[in-house]
Amino acid sequence: MGQAAKSARTVVISGVPDGVLNDDVMSDILVIHFQKAKNNGGDVEEVKYPTTEKGVAYITFEDQEVVGSVLQKNEHRLEDRRLPRYYPLKVTAYCENVFSSVTAVLDMSVFKYKFVLEDLIQELKKKSTALSFGSLQSNGHISVQGSFPAMKWLRDFLLLKAKSLSEDKNEESKSHQRPKKRLQRHRLTREMNNFVHDAEGEKQVVVLDTDVYHYMKCFFSKELLANTDVVISDVTDGDITTLHLQRGRSRPDAGQVLRVKEKIENQSIKLHKSLRKERINFERCIRDKKKYRSVCESVKSRFPNVLFIPCDTHIDLIGSSSAVFEFKREVNKKMQGLFQNR
């Protein structure tokens, strides 16, 4: 079955006792628990344990209907003769990683002096079938949609293309160019130098998923910039945010900019794998958004690692799968109470 169907058949289990038994034994105990009829279970296709989150497992059932039955059970108690006691489990629906699809607009005009842009686009389509390309506009702009890793590959590929152009060593060809052509090549080289990071490491560029960037900025900015004198500016274009890093004036160490870039990239990879996103829509009317925001503020103390982002028509929740699911459920429960008391 496809990945989408698999996510619909998966639940997140938190509260799994860590370090009590061998991981394989704990996996077997989880399978036994969620196959029992008294636990509203069914046939288990796969169990993932351990995971990157301590005490968290993922259970995938063969039948999607079992997910609903398991979630309806008020209490799950993990019991087995091999365990020293019973352990209460929290079961939540698996929230698909919505960072899997982003959209960006590329400016391909910088390549028009060397390539036929239509041919270059066709080459990109063949090399990355995971990306969806729109129509090439007369100004060289083109819309691209796909997974963030695929988008990052595209960026790296174009950077290499750009760098190869700026390092053209064919002196004989350059010497026979007409003045207008030399002017074009000079312009191209200047644009390529802006496209590729500064050779001395004083400036770097990092491209991130916008949601990952918001989460990183909220929870990891101090950690990533500790003991550094690096100035970061950001430019957000829909699903993608570009960070421009450069060193400040108080420290002479040029290498610190590159080190901060690497830390940001490594952290973004970890977050991209672990973060999930839920959305709370303002169901009644947009005027209620202040109440939704107030309720989110009150709930946040119970979920300190969840980031909520208020928008005009909804609130986005970003965090671990189980946390954002519980956060959303708690907010909806409180809002229903408020509506009923009107």
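Under an unreviewed UniProt entry, the name given to the protein is RNA binding motif protein 43, and the organism recorded is Gallus gallus.

Let's shift gears to the sheet that holds strand β13 (residues 307–310). As summarised here, the arrangement of the three strands in space is β12-β14-β13, forming an open sheet in which the pairing is antiparallel. At either margin of the open sheet sits one strand with a lone partner, and together these are β12 (276–281) and β13. The sheet shows a mean angle of 20 degrees between the axes of neighbouring strands, taken without regard to direction. By the bridge criterion, four bridges tie β13 to strand β14 (residues 314–319) in an arrangement that is antiparallel. Residue pairing in the sheet places L307 in a bridge with I318 of β14. Contacts from helix α11 (residues 289–300) reach β12, β13 and β14 within the one sheet, and its direction differs from that of β13 by about 170 degrees.

Before going further, it helps to spend a moment on the packing of helix α8 (residues 210–219) against helix α10 (residues 255–274). Taken N-terminus to C-terminus, the directions of α8 and α10 make an angle of 110 degrees; their axes are 10 Å apart at the nearest point. As judged from the angle between their axes, α8 and α10 are roughly perpendicular. Between α8 and α10 the crossing geometry is right-handed. Residue-level contacts link V212, Y215 and M216 of α8 to I264, Q267, S268, L271 and H272 of α10.

Moving on to the packing of aromatic side chains. A full pass over the atoms with the stated rule returns seven aromatic pairs. An angle of 45 degrees between the planes, with centres 6.5 Å apart, marks the rings of Y215 and F220 as tilted. In this structure F220 comes out as buried when scored by relative accessible area, which is 18%. Chaining the aromatic ring pairs together yields one cluster made of Y215, F219 and F220. For the cation-ring pair, R77 lies above Y86, with the distance from its terminal atom to the ring centre recorded as 3.6 Å.

Below, the discussion takes up the environment of R293. Take R293: it is sitting in helix α11. As for R293 and P310, which are separated by 17 residues in sequence, their C-alpha atoms are 7.0 Å apart.

Our next topic: the environment of S109. Residue placement: S109 occurs in the loop between β6 (102–107) and α4 (117–127). Spatially, the C-alpha atom of S109 lies 6.7 Å from that of N139, the residues being 30 residues apart in sequence. Not counting chain neighbours up to four residues away, the residues in contact with S109 comprise L117, N139 and G140. A distance of 2.6 Å separates polar atoms of two side chains, one belonging to S109 and the other to D107.

All right, on to a negative patch on the surface then. Negative charge collects at one region of the surface, where D43, E62, D63 and E65 lie side by side. With respect to the helices, strands and loops of the structure, D63 is situated in the loop between β3 (56–61) and α3 (64–72).

The omega torsion across Y49 and P50 is 0 degrees, close enough to zero to call that bond cis. With respect to the helices and strands, the residue P50 is situated in the loop between β2 (44–48) and β3. Look at N40: it is not a glycine, yet its phi comes out positive at around 60 degrees. Locating N40 in the fold gives a position in the loop between α2 (23–35) and β2.

This part is about helix α12 (residues 321–340). Under the 1.5 Å per step criterion, the end-to-end length of α12 is 29 Å for 20 residues, consistent within 8% with the ideal 28 Å. Residues of α12 that are buried include every one of S321, S322, A323, V324, F325, E326, F327, E330, V331, M335 and F339, and no others. Among the structural elements, β1 (10–14), β5 (87–93), β12, α11, β13 and β14 are those in contact with the buried residues of α12.

This paragraph deals with α10. If you check α10, its first and last C-alpha atoms are 29 Å apart, about what 20 residues at 1.5 Å a residue would give, namely 28 Å. Within α10 the residues assigned to the buried category are Q256, V257, V260, K261, I264, Q267, S268, L271 and H272. Mapping the buried residues of α10 onto a view down its axis gives an arc of 140 degrees, with all of them on the same face. Turned more than 90 degrees from where α10 packs its buried face, K270 and K273 sit exposed.

Rules used throughout
Residues numbered from 1 in each chain as written. Predicted model: local features only at pLDDT ≥ 70, side-chain atom pairs only at ≥ 80, totals over all residues. Heavy atoms only, no water. Pairing = 2+ DSSP bridges. Helix = DSSP H or I, 4+ residues; strand = E, 2+ residues; numbered from the N terminus. Axes fitted to C-alpha atoms, helices over the stretch in contact; angles between N-to-C directions. Contact = heavy atoms within 4.5 Å. Parallel < 35°, antiparallel > 145°, perpendicular 65-115°, else oblique. Left-handed = near helix turned anticlockwise from the far one by under 90°. Phe/Tyr/Trp six-rings, centres within 6.5 Å; stacked < 30°, edge-to-face > 60°. Buried < 20%, exposed > 50% of the residue type's maximum accessible area, 1.4 Å probe, protein only. Lys NZ or Arg CZ within 6 Å of the ring centre and 35° of its normal. Polar contact = N/O pair within 3.5 Å; in protein donor to acceptor, adjacent residues only side chain to side chain. Patch = residues over 30% accessible without salt bridge, like charges linked within 9 Å, V, L, I, M, F, W, Y side chains within 5 Å. Areas by Shrake-Rupley, 256 points an atom, 1.4 Å probe, with all protein chains shown as cover. Salt bridge = Lys/Arg side-chain N within 4 Å of Asp/Glu carboxyl O. Lys, Arg positive; Asp, Glu negative; His and termini not counted. Charge placed at Lys NZ, Arg CZ, Asp CG, Glu CD. Expected span 1.5 Å × (residues − 1). Arc of directions from axis to C-beta.

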